[in-house]
Amino acid sequence: MRLITLALIALTLSACQEDEAKAPPPPVDMTAEALSYFCQMNISDHGGPKAQIHLEGYPTPIFFAQVRDMVAYLKSPERDAKILAVYVSDMNAAPSWEHPGTANWIAADGAQYVVGAPVRGGMGAPEIVPFGNYEGADAFSTKYGGQVLPMSEIPDDAALGAVNLAQVLETPS
C-alpha cells in the first residue's frame with residue numbers, strides 16, 4: 001500500500017511539473033531599453049499601445065512599438081522560433097495614449113481590438129488598439145471609429161501592406 005501511495009505522489013508531482021513547463025512565460029515590464037523588433041527604435045519614446053512576443057529559446061521577449069507590427073509578425077509565414085506567449089498593452093489601464101504603461105500587459109488572444117480607426121500608433125501608422133474588455137474597445141470605437149474584433153478576426157490588410165498616412169487623422173487623447 002505504501003508503495004502505491006508513493007507512486008501516486010510521484011505521478012502527481014510529475015503532472016504538476018509538466019503543467020508548470022507548459023505555462024506561458026509572464027509578460028515583462030517595458031523598460032527604457034526595450035527596442036522595437038522591426039526598427040530597433042526605443043519603444044518608450046513613442047506613444048500608443050505596445051506588444052511583446054515570447055519565443056522559445058529566447059531569454060527575453062521581442063517588443064513592438066505598435067500592435068499593428070506585432071499582428072504583421074504573427075501573420076508572417078517566417079518567424080524566428082516557436083511562439084510561447086503574446087501580450088499587448090491594455091489601453092483600458094493605460095495612463096494616456098502617449099504613456100501607454102509599462103506593466104499593463106494582457107494576453108493578446110483575450111483582448112478586444114479596435115481595427116480601422118484613423119488613429120496613429122507609435123510609429124505613425126494606423127494602429128490596431130487593444131483593450132482588456134469589450135466595453136473599453138466599444139467606447140474607443142464610438143469616439144474614433146473602427147470596429148471591435150477579436151485577434152482571430154483582424155484582417156490581413158489591417159497589418160500588412162502599404163500604409164496611407166493621409167488616412168491617419170489623429171493621435172487619441
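Residues numbered from 1 in each chain as written. Predicted model: local features only at pLDDT ≥ 70, side-chain atom pairs only at ≥ 80, totals over all residues. Heavy atoms only, no water.

A. Region of the structure containing the overall build of the chain. Assigned secondary structure in the chain consists of three helices and seven strands. Taking all 173 residues of the chain together, 41% fall into the buried category. Taking contacts inside the chain between residues at least 6 apart in sequence as the whole, the part at least 24 apart equals 65%. (Helix = DSSP H or I, 4+ residues; strand = E, 2+ residues; numbered from the N terminus. Buried < 20%, exposed > 50% of the residue type's maximum accessible area, 1.4 Å probe, protein only. Contact = heavy atoms within 4.5 Å.)

B. Quick peek at the nonpolar core. Counting 23 residues, the largest nonpolar core has I53, M70, V88, Y113 and I128 as the members making the most contacts within it. When residues in this core are grouped by element, the largest group, six residues, is from helix α2 (residues 67-75). Residues in contact with V88, not counting those within four places in the same chain, are K50, A51, V67, M70, N104, W105, I106, A108, A111, Y113 and P130. Within the second largest apolar cluster, 12 residues are counted, among which are M91, A117, F140 and V148. (Core = buried A, V, L, I, M, F, W, Y, C linked by side-chain atoms within 4.5 Å.)

C. Representation of α2 in the model. Taken across its nine residues, α2 has eight buried, putting it largely inside the fold. The inward-facing, buried residues of α2 abut β1 (51-55), β2 (62-64), β3 (83-89), β5 (112-115) and β6 (129-131).

D. Focus on the sheet that holds β3. Taken in spatial order, the four strands of this open sheet run β2-β1-β3-β4, and their pairing is antiparallel. In this open sheet, the two edge strands, each paired with only one partner strand, are β2 and β4 (105-107). Averaged over all pairs of adjacent strands, the angle between their axes in this sheet comes to 25°, without regard to strand direction. Relative to β4, β3 runs antiparallel, the two being bridged by three bridges. Considered in β4, the bridge of Y87 is made with A107. (Pairing = 2+ DSSP bridges. Axes fitted to C-alpha atoms, helices over the stretch in contact; angles between N-to-C directions.)

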